[in-house]
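# Geometric and topological summary
Single-letter residue listing:
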Amino acid sequence: MNIGANAKVSIKLLTVAVSMLVFAIFIMPPIYDAFCEITGLNGKTGGRYEAVPAVIDRNRLVTVQFVASNNENMPWKFRPSVMSLKVHPGEVKDTVFIAENHTARDMVGQAIPSMVPFKAAGYFHKTECFCFNQQALKAGESAELPLRFIVDPDLPASVNTVTLSYTLFDVTERFADKNDKNGIDPEREG
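Predicted model only: the values in this text are computed from it and were never measured.

Calculation rules
Residues numbered from 1 in each chain as written. Predicted model: local features only at pLDDT ≥ 70, side-chain atom pairs only at ≥ 80, totals over all residues. Heavy atoms only, no water. Pairing = 2+ DSSP bridges. Helix = DSSP H or I, 4+ residues; strand = E, 2+ residues; numbered from the N terminus. Axes fitted to C-alpha atoms, helices over the stretch in contact; angles between N-to-C directions. Buried < 20%, exposed > 50% of the residue type's maximum accessible area, 1.4 Å probe, protein only. Polar contact = N/O pair within 3.5 Å; in protein donor to acceptor, adjacent residues only side chain to side chain. Contact = heavy atoms within 4.5 Å. Core = buried A, V, L, I, M, F, W, Y, C linked by side-chain atoms within 4.5 Å. Salt bridge = Lys/Arg side-chain N within 4 Å of Asp/Glu carboxyl O. Phe/Tyr/Trp six-rings, centres within 6.5 Å; stacked < 30°, edge-to-face > 60°.

## Some details on the sheet that holds strand β1 (residues 62-70)
Whenever strands of a sheet pair, they do so through backbone hydrogen bonds, lying parallel or antiparallel. The strand order across the open sheet built from five strands is β3-β1-β9-β5-β7, with neighbouring strands paired in mixed fashion. Both edges of this open sheet fall to β3 (84-87) and β7 (135-137), since each of them pairs with a single strand only. Taken over all neighbouring pairs, the strand axes of this sheet differ in orientation by 25 degrees on average, direction set aside.

## Points about the environment of Thr-127
Tracing the backbone through its elements, the reader meets Thr-127 in strand β6 (residues 124-129). Assessed through its relative accessible area of 19%, Thr-127 is described here as buried. The spacing of Thr-127 and Lys-93 is 34 residues in sequence and 9.8 Å in space, taken between C-alpha atoms.

## Some points on the pairing of strand β4 (residues 92-100)
Residues in a regular strand point their side chains to alternate faces of the sheet. Alignment of strand β2 (residues 77-80) against β4, held across four bridges, turns out to be antiparallel. By the bridge assignment, Phe-78 is partnered in β4 with Ala-99. Bridge count for β4 against strand β8 (residues 142-151) is nine bridges, and the pairing is antiparallel. When the sheet's bridge partners are listed, Thr-95 is paired in β8 with Leu-147.

## As for the side chain of Gln-135
Residue placement: Gln-135 occurs in strand β7. Gln-135 sits in the buried class, given a relative accessible area of 17%. Within the structure, Gln-135 has its side chain in polar contact with the backbone oxygen of Phe-130 (distance 2.9 Å). At 3.1 Å, the side chain of Gln-135 forms a polar contact with the backbone oxygen of Asn-133. Apart from residues no more than four positions distant in its own chain, Gln-135 is found in contact with Trp-76, Met-107, Val-108, Gly-109, Phe-130 and Leu-145.

## A word on the nonpolar core
Taken as a class, soluble globular proteins show a tendency for nonpolar side chains to be buried jointly. Formed by 30 residues in total, the largest nonpolar core has its most connected members in Phe-130, Leu-147, Phe-149 and Tyr-166. With sequence-adjacent residues up to four places away left out, Phe-130 is seen in contact with Phe-78, Phe-97, Ala-111, Gln-135, Leu-145, Pro-146, Leu-147 and Tyr-166.

## Here we look at the sheet that holds β2
Taken in spatial order, the four strands of this open sheet run β2-β4-β8-β6, and their pairing is antiparallel. Of all strands in the sheet, those bounded by a partner on one side alone are β2 and β6. Sheet twist, expressed as the mean angle between neighbouring strand axes with direction ignored, is 25 degrees.

## Focus on the pattern of salt bridges
As enumerated under the stated definition, the model contains three salt bridges in all. For Arg-79, the salt bridge goes to Glu-100, with nearest N and O atoms at 3.2 Å. Here the residue Arg-79 occupies a position in strand β2, and Glu-100 occupies one in strand β4, the gap between them amounting to 21 residues. What makes Arg-79 partly exposed here is its relative accessible area of 39%. In this structure Glu-100 comes out as buried when scored by relative accessible area, which is 16%. When the shortest N-O distance is used, the salt bridge between Asp-170 and Arg-105 registers 3.4 Å. One end of the pair, Asp-170, is in strand β9 (residues 161-170); the other, Arg-105, is in the loop between β4 and β5 (107-116), with 65 residues separating them in the sequence.

## Overview of the environment of Asn-101
Inspection of the secondary structure assignment puts Asn-101 in the loop between β4 and β5. Taking C-alpha positions, Asn-101 is 9.6 Å from Met-74, a pair spaced 27 residues apart along the chain. In terms of polar contacts, Asn-101 uses its side chain to reach the backbone carbonyl oxygen of Lys-138, at 3.3 Å.

## Concerning the packing of aromatic side chains
If you walk through the whole model with that rule in mind, you get eight aromatic pairs. Ring centres of Phe-66 and Phe-97 lie 5.9 Å apart, and the angle between their planes is 90 degrees; this geometry places the pair in the edge-to-face category. Linking Phe-66 in strand β1 with Phe-97 in strand β4, this pair joins segments that are 31 residues apart in sequence. Here Phe-66 matches Phe-97 in class, with each residue buried. The interplanar angle of 75 degrees and the centroid separation of 6.1 Å between the aromatic rings of Phe-78 and Phe-130 together place this pair among those described as edge-to-face. With a gap of 52 residues between them, Phe-78 in strand β2 and Phe-130 in the loop between β6 and β7 connect regions that are remote in the sequence.

Written as structure tokens, this is what we have:
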């Protein structure tokens with residue numbers, strides 16, 4: 001192989017590598033977000049929902065189950081206050097999850113939701129959710145984390161039970177790094 005052939009192969013390989021990088025950074029994330037939005041995978045249960053007057057379907061009850069788990073690196077205790085609620089589609093329901101930081105250090109957590117069955121994700125509307133924000137707890141502190149939701153009356157009749165699951169992640173380092181970059185003193189934030 002001569003030097004000219006090596007240069008052509010090198011240019012082709014470099015072009016492939018740059019194309020893969022561009023695809024991974026600029027093209028794949030929007031495709032992944034759209035896929036998760038459609039399927040309800042990876043915590044995409046829809047964003048904040050603005051309530052509109054709706055007719056409550058008093059002839060139907062849907063069971064909403066709540067599950068809480070921690071990422072392997074999250075030492076907090078995290079649980080729903082109730083394991084399930086019976087809900088009439090269209091009515092506003094409130095519940096809370098409990099988070100307890102029994103460590104000796106201040107920490108920040110972030111809850112990521114997921115829903116089963118996947119087809120129910122588009123019919124489950126959160127008007128208030130602790131998952132919209134990061135949760136800061138001082139050492140030894142606990143908190144009730146609110147959740148307000150509406151099960152859409154258009155939920156398919158074949159769906160009688162919906163399971164909403166939250167996984168809690170430790171984002172303390174990311175929170176500190178973000179605040180350092182923005183010039184924010186975490187001790188002064190409140």
